[in-house]
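A look at the structure
Given next are the chains, with one letter for each unit.
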Amino acid sequence: MCGIVAYIGHRQAYPVIVKGLKRLEYRGYDSAGIALVNHGLKLYKKKGKVANLEESTLGQDLEGHIGIGHTRWATHGEPSDRNAHPHRSANGKLAMIHNGIIENYASLKQELIKKGYQFHSDTDTEVLLYFIEDIQKNNSSTLEEALRIALKRVVGAYVIVLIDEDNPDTLIAARKGSPLVIGIGKGEHFLASDASPIIEYTKEVVYVNDYEIAIIKADELILKNLGNERQTPFIQKLDLELAAIEKGGYDHFMLKEIFEQPHTIYDCLRGRLDAAQGTITMSGIQNNMELIKNANRILIIACGTSWHAGLVAEYVIEELCRIPVEVEYASEFRYRNPIIHKGDMIIAISQSGETADTLVAIERAKEQGAVILGIVNVVGSSISRISHAGAYTHAGPEIGVASTKAFTAQLTVLTMVALMIAKERNTISHDRYIHLLNELNEVPEKVKHALENADHIKAVALKYKDVSDALFLGRGYNFPIALEGALKLKEISYIHAEGYPAAEMKHGPIALVDESLPVVFVATKDTYHQKIISNIQEIKARKGKVIAVITEGDETITEMADDVLPIPEADELIAPIISTIPLQLLSYYIGVARGFDVDKPRNLAKSVTVE
Ligand code: M6R
């Protein structure tokens, strides 16, 4: 979704902003723009990639030590030069960038049209900018005062950053619901939607909170709330290296992130799981254990891949902890007046920690008194900050739009959480507990082993790259992995793919099966093995093509299937973390073979900050 970068300080702003916008490209966008102040306000905007914008500015005057830049993911109005940000105020003096949605923009626009304003774009952003300008004009107020008044009337989510040609030494920013990080340098400040454009300059950052306004000069940062009271900026140190956000020799971020998984899962376990001692240490969970272990019900809310992690957790928690679990799309939960009882515990799962639907769902649940555990990857993100407690997944920055390493880290953390609760509730035997700890400990090595089959998986991918549809089936713990496999394939190869519980196939999807339909089974050795073998036979009897993720050495399925993708043997409760690996690679190689930009699939955004 939209990316924001701004700079003020001793450097030239343009190159800092362009580089920053490129670092944010992974978020997904369709146009880009920059505004600079240097003897007047200059705007440069272009549909398409940041590289197009750069090309269009060749030979132009790009001097200036203050500027704002934006990558836009279209919401109000098509992707075009005129809808690209920054937008200019009617008097030409202000420029503004915006991430989020102004929900009451239509009524504000009508008010402004009646006052004679003429709009040059279809965006809600231009409406907000004119609204601020109008308040400033009518009240003869400062820009900061006008912004404060305007934001009290705005409904929606936003990060905005403004520059004013009459005050070329100040940036003004505000946030509600969308992320904003300020990097603090020596005599300079960097603003961005996340830390990736900032880390090569400084590791000291401030995360702006909702309803805060930041007034930023080269050597001064003032934070205020909407009541005009000064707030003390909380300066944090970024625990992030530049290498983590670069490709490091891989063709795509997605491939790099798939191959990082032995490390990311190890990092997720490190310092937490001690198999020799039989302990798992996660303070965010331990400190709230009384509440968690006595929960009458656990509600898991998430979107997309994180929702699939929640489904696996449902199976694992119910099995190990004997607590009822419900998993819900955050986008449905937030609107359907859910019933939350005292004693319910909410687990919110999110890679980015910024997904708008998940954020609002958490707020709704909190209003009803629920306690929220956040399972989040991005440190300092909004969800991590509004949750009561939780655990980070420590997968490092995930740049590829298709989630891979964040998913396996989510499964790892959720399994550890389930084991901690089960131990406290005495719903697991000591032997099983120790066995599962050892199994978890072995996951990084097993994932490494599964990745060694990449060449074979690539060959299988090339065989099926031209299909138009695919079905993914699994049972039990592997059912959500089938859903995730289907999501990965459709996201990056644009092949229509559906995931189902294998037994559900007979209730409809089997009608699709013929010799042209590949059916991907996640069929590792588990409680349901015999059942899924029957399901494979049912597909073969109808001439469907079967690709099966199997446990190494499974001769039965090897003989029946057209192609097999073996993984090392693992306990059925742990296997989903490993069985997802060949499906990630299969999608990756198919997407690449079809010639698509797998890191930035069409229409998708990494961080879905609008509902
Ligand atoms: O950052 P989140 O985990 O909250 O994001 C949720 C979904 O938007 C995300 O998982 C999406 O489905 C990915 N594109 C999956 O690859």
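Every chain's residues receive numbers from 1 upward, in the order its sequence appears when written. Totals for whole chains, interfaces and linings use every residue, but because this is a predicted model, local features are given only for residues with pLDDT of at least 70 and side-chain atom pairs only at 80 or more, for both listing and counting. Think of the side-chain values as coming from all heavy atoms in the structure, minus any hydrogens and water.

Here the focus is the sheet that holds strand β23 (residues 469-474). Note on pairing: DSSP must find at least two bridges between two strands before they are called paired. For helices the rule is a DSSP run of H or I covering at least 4 residues; for strands it is a run of E covering at least 2, with both sets numbered from the N terminus onward. Across the sheet, 5 strands lie side by side as β24-β23-β25-β26-β27; this open sheet has parallel pairing. A single partner strand is all that each edge strand has here, and the edge strands are β24 (496-501) and β27 (563-567). Averaged over all adjacent pairs, the angle separating strand axes in this sheet is 20°, with direction ignored. Here β23 runs beside strand β25 (residues 518-522); their pairing, made up of 4 bridges, is parallel. Paired with leucine 471 across the bridge in β25 is valine 519. The strands touched by helix α18 (residues 479-493) within the sheet are β23, β24 and β25, with β24 carrying the most contacts at an inclination of about 175°. Any two residues having at least one pair of non-hydrogen atoms within 4.5 Å are treated as being in contact. The angle between two axes is taken between their N-to-C directions and runs from 0 to 180 degrees, where each axis is a line fitted to C-alpha atoms and a helix contributes only its stretch in contact. Strands in contact with helix α19 (residues 529-541) are β23, β25 and β26 (545-551); relative to β25, the strand with the most contacts, it is inclined by about 175°.

On to the pattern of salt bridges. Within this document, salt bridges are pairs made up of a side-chain nitrogen of Lys or Arg and a carboxyl oxygen of Asp or Glu, the two lying within 4 Å of each other. All told, the structure shown has 39 salt bridges when counted by the stated rule. Notably, a salt bridge pairs lysine 256 with glutamate 260, separated by 3.3 Å at the nearest N-O pair. When sorted by exposure, lysine 256 lands in the same class as glutamate 260, which is buried. Between aspartate 562 and lysine 540 there is a salt bridge, with the nearest N and O atoms lying 2.7 Å from each other. With a 1.4 Å probe rolled over the protein chains alone, any residue whose accessible area is under 20% of its type maximum counts as buried; one over 50% counts as exposed, and the rest are partly exposed.

Let us now look at the site of the ligand. A cutoff of 4 Å decides nearness: a residue is near a molecule or strand if any of its heavy atoms lies inside that distance of it. Around the ligand, the structure places 14 residues, and the nearest of them are Ser306, Ser350, Ser352, Thr355 and Glu491. At 2.6 Å, a side-chain N or O of serine 306 approaches an oxygen atom of the ligand. In the model, an oxygen atom of the ligand is placed 2.4 Å from a nitrogen or oxygen of the threonine 355 side chain. Where accessible areas are quoted, they stem from the Shrake-Rupley method and a 1.4 Å probe; at the residue level, only the protein chains shown are allowed to cover. Here the ligand has 410 Å² of accessible area as a free molecule, and 91% of this is covered by the chains. When contributions to the shell around the ligand are tallied by element, the ones reaching two or more residues are α10 (304-321) and α18. Broken down by element, the residue count for the shell around the ligand peaks at 3 residues, all from α10. Class assignment of the residues belonging to the shell around the ligand gives a composition of 4 nonpolar, 8 polar and 2 charged. Counting of polar contacts relies on pairs of N or O atoms within 3.5 Å, with two restrictions inside protein: one atom must be capable of donating a hydrogen and the other of accepting it, and residues adjacent in sequence are counted only when both atoms are side-chain atoms. Residue type decides the class: Asp, Glu, Lys and Arg count as charged, Ala, Val, Leu, Ile, Met, Phe, Trp, Tyr, Cys and Pro as nonpolar, and the leftover types, Gly among them, as polar.

Turning our attention to the sheet that holds strand β18 (residues 297-302). Strands sit in the order β19-β18-β20-β21-β22 across an open sheet of 5 strands; the sheet is parallel. Two strands close off the open sheet at either side, each with one partner strand: β19 (325-329) and β22 (389-392). Across the sheet, the mean angle from the axis of one strand to that of its neighbour is 20°, orientation sign disregarded. Pairing between β18 and strand β20 (residues 344-350): 5 bridges, direction parallel. Residue leucine 299 lies in a different strand from β20, and its bridge partner there is isoleucine 346. Contacts from helix α14 (residues 405-425) reach β20, β21 (371-376) and β22, with the element oriented near 155° to β20.

For the rest of this paragraph, the subject is the packing of aromatic side chains. Classification of ring pairs rests on two measures: the distance between centres of Phe, Tyr or Trp rings, Trp counted by its six-membered ring, which must be within 6.5 Å, and the angle between planes, read as stacked under 30 degrees, edge-to-face over 60 and tilted in between. Per the counting criterion, the structure on display carries 9 aromatic pairs. Aromatic side chains tyrosine 494 and phenylalanine 596 sit 4.4 Å apart centroid to centroid with 45° between the ring planes, which places their arrangement in the tilted category. With a gap of 102 residues between them, tyrosine 494 in the loop between α18 and β24 and phenylalanine 596 in the segment after α21 (575-593) connect regions that are remote in the sequence. Taking relative accessible area as the criterion, phenylalanine 596 reaches 27% and is therefore assigned partly exposed. Here, a charge over a ring is recorded when the distance from Lys NZ or Arg CZ to the ring centre is within 6 Å and its angle to the ring normal is within 35 degrees. The ring centre of phenylalanine 119 lies 5.0 Å from the NZ or CZ of lysine 109, which sits over that ring. Over the aromatic face of tyrosine 494 sits the side chain of arginine 602, whose NZ or CZ is 3.9 Å from the ring centroid.

Looking now at the side chain of asparagine 478. Along the chain, the position of asparagine 478 falls in the loop between β23 and α18. If near-sequence neighbours (up to four positions away) are discounted, asparagine 478 is found in contact with Val522, Thr524, Asp526, Pro576 and Ser579.

Along its sequence, the protein chain is carved into domain 1 (3-243), domain 2 (247-441) and domain 3 (448-597). Contact residues are listed per partner, giving 32 residues for domain 2 and 27 residues for domain 3. Across the domain 2 to domain 3 interface the summed buried area is about 2,500 Å²; carbon plus sulfur atoms make up 74%. On inspection of domain 2 and its partner domain 3, the count reaches 1 salt bridge. The shortest N-O distance in the salt bridge between aspartate 571 and arginine 432 comes to 2.9 Å. Each domain span listed reflects an automatic or database assignment of domains. Buried area is calculated as the accessible area (1.4 Å probe) missing from two parts once they are joined, with the contributions of both summed.

Glancing now at the pairing of strand β8 (residues 171-176). β8 sits mainly inside the fold: 5 of its 6 residues count as buried. Connecting strand β7 (residues 156-164) to the antiparallel partner β8 that follows it, the hairpin turn spans 6 residues.

With respect to the helices and strands, cysteine 303 occurs in the loop between β18 and α10. Separated by 54 residues in the primary sequence, cysteine 303 and aspartate 357 place their C-alpha atoms 7.9 Å from one another. If we ignore the near neighbours within four places in the chain, the residues touching cysteine 303 are Ala330, Thr355, Asp357 and Thr358.

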